[in-house]
Amino acid sequence: MNTDLLLVLALLFAAVVMFVINRPRMDAVALIMIVVLPFTGVITMGEALAGFSDPNIVLIAALFVMGEGLVRTGVAQRLGDWLAVKAGNSETRLLILLMLAVGILGSVMSSTGVIAIFIPVAIRIAQSTGMSASRLMMPMSVAALISGMMTLVGTAPNLVVNSELIRQGFEGFHFFSMTPFGSIILVFGILYMLFARRWLASSSGGESKVSRRPTLLDWVQEYKLAAREQRVRVPNRSPLVGKTIRELDLRNELGVSIIAIDRRFQSSRKLLSPTPNTEIQADDILFIDFFRGDSPVGSLWDKYALEMLPLTGEYFTDRSQEIGMAEVMLGANSELADKTITESHIRTRFGLTVIGLRRGKDAYEGNFLAEKLQVGDTLLVLGTWKQIQSLQTDASRLVILNLPVELDQMLPAPDKAPHAIACLLLMVGLMISGIIPNVQAALIACLLMGALRCVDFESAYRCIHWKSLILIVGMLPFSLALQRTGGVDLAAEALMATIGYAGPHVVLGSVFLITAMLGLFISNTATAVLMAPIALAIANDMGASPYPFAMIVALAASTAFMTPISSPVNTLVVVPGNYKFGDFVKIGVPFSFIVMLVSVILVPLLLPLY
């Protein structure tokens, strides 16, 4: 063992120790290695920085942008809502559909991003059905990790392994090269979680962390909205058709506010925030508020020939992507003081409907629209998120006190969902065809996303996980340094000397096991960087095809089920699932061995060793 190799191994050991103790943060460690490695004389500074020009780095960044486009346009959220409808009250059906959706969506976007999208969806489903959140969160994290085994772009380690193949002069994997393995493992994952979920119920309790911020459902209960709201359809024969809200004057006549209008536009329906000049059309669905306890409900149906539709008090949360609420207070200098809500013309000025009034601790019951407003009164207003946020620019009249947690799920571009899907399909189609490089296909799709306003530059830069990119770039030079100093050959020879005569399946299993175990201590991306060249060297020593060994490393790098710190995907579900460290060990260790057995059997069958 030469001096250069000892220096490189010492730096690698130092990096691993810093990763394990998480001091300093991982991207800082990567930058330190970029600076220090050239001092060994093994690689130059230019070679240490070469990772920044690696096409796979650009591809990973582009995939973050594609995922952001799916989030901003509501594609992922609508998928989650569809799941809730299809699953009904069946926990088994929900678990299967949830894992399939996470696995498929995660195959074309960041698995971490997919989990971030589906956590609030799963919590909402758990709260509405009475299911245990802990029995949903762990299956989601398992499916998200398996999604990295589904396609070439499913996770960064796949691209790292593919890049190593190309760097050594081999043809890289195709877009769907991993799909047969990932699909079968996903099926095993679903079957396993249907059995293993029983281990979670008693240990985790299923209680998710309660946010300190209010939810829309909290306000529905606090302001007693559920008993006041109705939902009706306007038929062609109704006298309301063709009249504006100002002309109808339902507030003064019947004590009724039209707070939202569900209207058909071509092939879809949209929720509108009404203004006094909004004209009622046939087939409109009106969400109305009987804010006066003595409102003659029956006479409204008879007079205007309206059709009653079913409605629960949770319809605000069901439509929270389109319409929201906020608690606002009259400021000390507000010109609205000493006026009633009707006289203040809040709907005309701000496009918002007042649906609640609180003076002190308790919500006001009765005809609050006739109450004279006082400085310090709290109003609950309803409207589009854009209208609510516009209040922040004019705090002299109304000061925003509280915004609900649903604001974080607001869709900036819900009308652009078809465009986002088209861009995604175009990218996948170009990648499958091989007409142009994958990175070029992804960049074309990103540019189209921007041109079609699915994303903007600010959101695109913000969504890129720069920490992950820096980590990959910082670890890539180790691969080159270990090859130049003979470290890769030495590791391959040591492994071959130990198990070389045990047969190719044992060798593949050993590579898988080492990769998976190394992933317990450092990121799966860094693990792939280190293990890919070693696996290819072993294949060369055996005179075998490099592809089974590269594939086994890619699959093992995504087998991060065993601890909550093995992957950000696991870390994200710890709090909402109320998990302990032991829960991941109990569920993850047996399944990791299942994945290893499936991989070792399947890989040589589909990718011949010789």
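Residues numbered from 1 in each chain as written. Predicted model: local features only at pLDDT ≥ 70, side-chain atom pairs only at ≥ 80, totals over all residues. Heavy atoms only, no water.

### Remarks on the pattern of salt bridges
Thought 1: The full count for this structure, using the stated rule, is 16 salt bridges.
Thought 2: Its salt-bridge partner being aspartate 283, residue arginine 264 comes within 3.9 Å of it at the nearest N-O pair. One end of the pair, arginine 264, is in strand E2 (residues 256-265); the other, aspartate 283, is in the loop between strand E3 (268-272) and strand E4 (285-290), with 19 residues separating them in the sequence.
Thought 3: The salt bridge partner of aspartate 377 is arginine 359, with a shortest N-O separation of 2.7 Å. Of the two residues, aspartate 377 is situated in the loop between strand E8 (362-363) and strand E9 (378-383) and arginine 359 in strand E7 (residues 353-359); the sequence distance between them amounts to 18 residues. (Salt bridge = Lys/Arg side-chain N within 4 Å of Asp/Glu carboxyl O. Helix = DSSP H or I, 4+ residues; strand = E, 2+ residues; numbered from the N terminus.)

### What to know about the packing of aromatic side chains
Thought 1: Applying the stated rule across the entire model yields seven aromatic pairs.
Thought 2: Following the ring pairs from residue to residue traces out a cluster consisting of Tyr192, Phe561 and Phe591. (Phe/Tyr/Trp six-rings, centres within 6.5 Å; stacked < 30°, edge-to-face > 60°.)

### What to know about the nonpolar core
Across soluble globular proteins, nonpolar side chains show a tendency to be buried alongside one another.
Thought 1: Core analysis: the largest hydrophobic core is formed by 149 residues, its most contacted members being Phe118, Met140, Met193, Met427, Phe478, Ile538 and Phe549.
Thought 2: No other element matches helix H26 (residues 524-542), which puts twelve residues into this core.
Thought 3: Setting aside anything within four residues of it in sequence, one finds phenylalanine 478 in contact with Val8, Leu11, Leu12, Met33, Leu37 and Leu530.
Thought 4: Membership of the second largest hydrophobic core comes to 23 residues, among which are Val354, Leu357, Phe368 and Trp385. (Core = buried A, V, L, I, M, F, W, Y, C linked by side-chain atoms within 4.5 Å. Buried < 20%, exposed > 50% of the residue type's maximum accessible area, 1.4 Å probe, protein only. Contact = heavy atoms within 4.5 Å.)

### Comments concerning helix H25 (residues 504-518)
Thought 1: The terminal C-alpha atoms of H25, which comprises 15 residues, lie 21 Å apart, in line with the 21 Å expected from a rise of 1.5 Å per residue.
Thought 2: Taken together, the buried positions of H25 are occupied by Val507, Leu508, Gly509, Ser510, Val511, Phe512, Thr515 and Ala516. (Expected span 1.5 Å × (residues − 1).)

### Considerations on the packing of helix H4 (residues 55-72) against helix H21 (residues 438-451)
How two helices sit against one another is set out by the angle between their axes and by the gap between those axes.
Thought 1: At a closest axis distance of 9 Å, the pairing of H4 and H21 adopts a crossing angle of 35°. You can see that H4 and H21 cross each other, and the crossing is left-handed. Here H4 contributes Pro55, Val58, Leu59, Ala62, Val65, Met66, Gly69 and Leu70 to the contact with H21, which in turn contributes Asn438, Val439, Ala442, Leu443, Ala445, Cys446 and Met449.
Thought 2: Counted by class, the contact of H4 with H21 contains 13 nonpolar, two polar and no charged residues. (Axes fitted to C-alpha atoms, helices over the stretch in contact; angles between N-to-C directions. Left-handed = near helix turned anticlockwise from the far one by under 90°. Nonpolar A, V, L, I, M, F, W, Y, C, P; charged D, E, K, R; others polar.)

### Some thoughts on the sheet that holds E7
Thought 1: Taken together, five strands build an open sheet; the order of strands is E8-E7-E9-E6-E10 and the sheet is antiparallel. Here the strands that pair on one side only, and so sit at the sheet edges, are E8 and strand E10 (398-402).
Thought 2: Direction of pairing for E7 relative to E9: antiparallel, over a ladder of five bridges. The partner of threonine 353 across the bridge, within E9, is leucine 382. (Pairing = 2+ DSSP bridges.)

### Some thoughts on unusual backbone geometry
Thought 1: The residue aspartate 338 is not glycine, and still its phi comes out positive at about 70°.
Thought 2: Locating aspartate 338 in the fold gives a position in the loop between strand E6 (324-330) and helix H17 (341-344).
Thought 3: In this structure aspartate 338 comes out as exposed when scored by relative accessible area, which is 59%.
Thought 4: Even without being a glycine, histidine 345 presents a positive backbone phi close to 55°.
Thought 5: One can find histidine 345 in the loop between H17 and helix H18 (346-350).

### Things to note about the confidence of the model for the chain
Thought 1: Averaged over all residues, the pLDDT of the chain is 82; the fraction at 70 or higher stands at 88%.
Thought 2: Note on residues 202-211: pLDDT under 50 across the span, and 23 contacts to partners over four residues away in sequence or across chains. (pLDDT = per-residue confidence, 0-100.)

### Details of helix H9 (residues 156-167)
Thought 1: With twelve residues, H9 should cover 16 Å at 1.5 Å per step; its first-to-last C-alpha distance of 16 Å lies within 8% of that length.
Thought 2: Summarising burial for H9: ten of the twelve residues are buried, a large majority.
Thought 3: Among the residues of H9, those classed as buried are Ala156, Pro157, Asn158, Leu159, Val160, Val161, Asn162, Ser163, Glu164 and Leu165.
Thought 4: On the buried face of H9, the contacting elements are H4, helix H23 (466-484), H26 and helix H27 (546-557).
Thought 5: Count one or two residues on from H9 and you reach glycine 169, which has phi positive near 95°.

### Quick notes on the side chain of threonine 515
Thought 1: Position of threonine 515 among the secondary structure elements: in helix H25.
Thought 2: The buried category is assigned to threonine 515, whose relative accessible area is 0%.
Thought 3: Ignoring anything within four residues of it in the chain, the contact list for threonine 515 reads Thr527, Met531, Val553, Ala556 and Ala557.

### Quick word on the pairing of E7
Thought 1: Extensive coverage of E7 is indicated by the burial of six of its seven residues.
Thought 2: The antiparallel pairing of E7 with E8 creates a hairpin that spans two residues between the two strands, and glycine 360 there sits at a positive phi of about 90°.

### Describing the pairing of E4
Thought 1: Taken across its six residues, E4 has six buried, putting it largely inside the fold.
Thought 2: Residues Ile285, Phe287 and Asp289 line one face of E4 and the alternating positions Leu286, Ile288 and Phe290 line the opposite face, and both faces are buried.
Thought 3: Here five bridges tie strand E1 (residues 229-233) to E4, and the two strands are oriented antiparallel to one another. The residue of E4 that forms the bridge with glutamate 229 is aspartate 289.
Thought 4: Across six bridges, E2 lies against E4 in antiparallel orientation.

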